[in-house]
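Examination of the molecular architecture
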Amino acid sequence: LRTAPRWEHWAWIFIKNNKIDEISPYIPTNLHPSLPSLIYEVILGHYVARNRIKLKELLDSWPLELFEANSVIEASKEQFKSGTVPSDSEDWRILMSCIAKLYLAGGNYREALHCYIQLQDADTAMNIISEHRLLDAVADDIPAFIAIRVSKEQLRSAPVSELEEVTAEPIKLLVREAHTGIVRPQTVVGQLQAANRPIFLYFYLRALWRGEAL
């Protein structure tokens, strides 16, 4: 099979007969012209619902221009809405990381940033904020941003000194931006009070008073 029409014919035969596992390792990714994007989208959609590890493998190996990223993103979001993917599961993390990767590749930095904050991928989130000046994008969820390096166990039982260390970077960034008006202190204080995070509020106000900024 050396041409796109021949591949398309047989790809649909396998797909329609529910033999996606059998055909997906062999679907070509370098034909010119390429196969219709719908073929790749159907295969990816199959794994969105049934095998998230395989989904990640394909997204890591397939050129992103072969398919419409939004179709995969929306299919993944539907899995979250259906309630079949618990938020503390490995499948949830894989799907969220796939969505984040697709957003980032498409230049949708704000959406990608929110995904990486939910994943608590602090390094990637901080890089996006720094490179694209996007601190305002986290203004609607300051507590989650401050806690980006804080595990649930640390939040429950870590000593103050440990919490101070792991929250230092986002707090200093918020303090720096307080002086530019991007995220006003009133916003930070209000959200931390509403979220009942007095220790984070103390760290922030102390850093603000001292002028401790990145």
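Look a little higher up for the structure.
This section reports on the structure supplied with the text. (Residues numbered from 1 in each chain as written. Predicted model: local features only at pLDDT ≥ 70, side-chain atom pairs only at ≥ 80, totals over all residues. Heavy atoms only, no water.)

Moving on to the side chain of Gln79. With respect to the secondary-structure elements, Gln79 resides in helix H5 (residues 69-82). With near-sequence residues (within four places) excluded, Gln79 lies in contact with Val48, Ala49, Arg52, Thr84, Val85 and Leu95. (Helix = DSSP H or I, 4+ residues; strand = E, 2+ residues; numbered from the N terminus. Contact = heavy atoms within 4.5 Å.)

Further remarks concern the packing of helix H3 (residues 37-50) against helix H4 (residues 52-61). In a packed pair of helices, the relevant descriptors are the angle between the two axes and the axis-to-axis distance. Across the interface, H3 lies against H4 with an axial gap of 6 Å and an inter-helix angle of 145 degrees. Residues Ile43, Leu44, Tyr47, Val48, Ala49 and Arg50 of H3 lie in contact with H4, whose contacting residues are Arg52, Lys54, Leu55, Leu58 and Leu59. Taken together, the residues that form the contact of H3 with H4 break down as eight nonpolar, no polar and three charged. (Axes fitted to C-alpha atoms, helices over the stretch in contact; angles between N-to-C directions. Nonpolar A, V, L, I, M, F, W, Y, C, P; charged D, E, K, R; others polar.)

So, about unusual backbone geometry. In this structure, Pro33 follows His32 across a cis peptide bond, with omega equal to 0 degrees. On the secondary structure map, Pro33 appears in the loop between helix H2 (20-23) and H3. Although it is not a glycine, Gln120 sits at a positive phi angle of roughly 55 degrees. Within the element layout of this structure, Gln120 appears in the loop between helix H7 (109-118) and helix H8 (122-132).

A few words now on the packing of helix H11 (residues 160-178) against helix H13 (residues 198-210). One way to put it is that H11 packs onto H13 with a least axis distance of 9 Å and a crossing angle of 50 degrees. Taken together, the axes of H11 and H13 are oblique relative to one another. In the packing of H11 onto H13, the handedness of the crossing is right-handed. Each of Val160, Leu163, Glu164, Thr167, Ile171, Leu174, Val175 and Ala178 in H11 lies in contact with H13, whose residues at this interface are Ile199, Phe200, Phe203, Tyr204, Arg206, Ala207 and Leu208. Looking at the contact of H11 with H13 residue by residue, the classes come out as 12 nonpolar, one polar and two charged. (Parallel < 35°, antiparallel > 145°, perpendicular 65-115°, else oblique. Left-handed = near helix turned anticlockwise from the far one by under 90°.)

In this section: a nonpolar patch on the surface. Together, Leu1, Trp10 and Ile13 make up an exposed nonpolar region whose accessible area comes to about 270 Å². Inspection of the secondary structure assignment puts Trp10 in helix H1 (residues 4-16). Residue classification places Trp10 among the partly exposed residues on the basis of a relative accessible area of 39%. (Patch = residues over 30% accessible without salt bridge, like charges linked within 9 Å, V, L, I, M, F, W, Y side chains within 5 Å. Areas by Shrake-Rupley, 256 points an atom, 1.4 Å probe, with all protein chains shown as cover. Salt bridge = Lys/Arg side-chain N within 4 Å of Asp/Glu carboxyl O. Buried < 20%, exposed > 50% of the residue type's maximum accessible area, 1.4 Å probe, protein only.)

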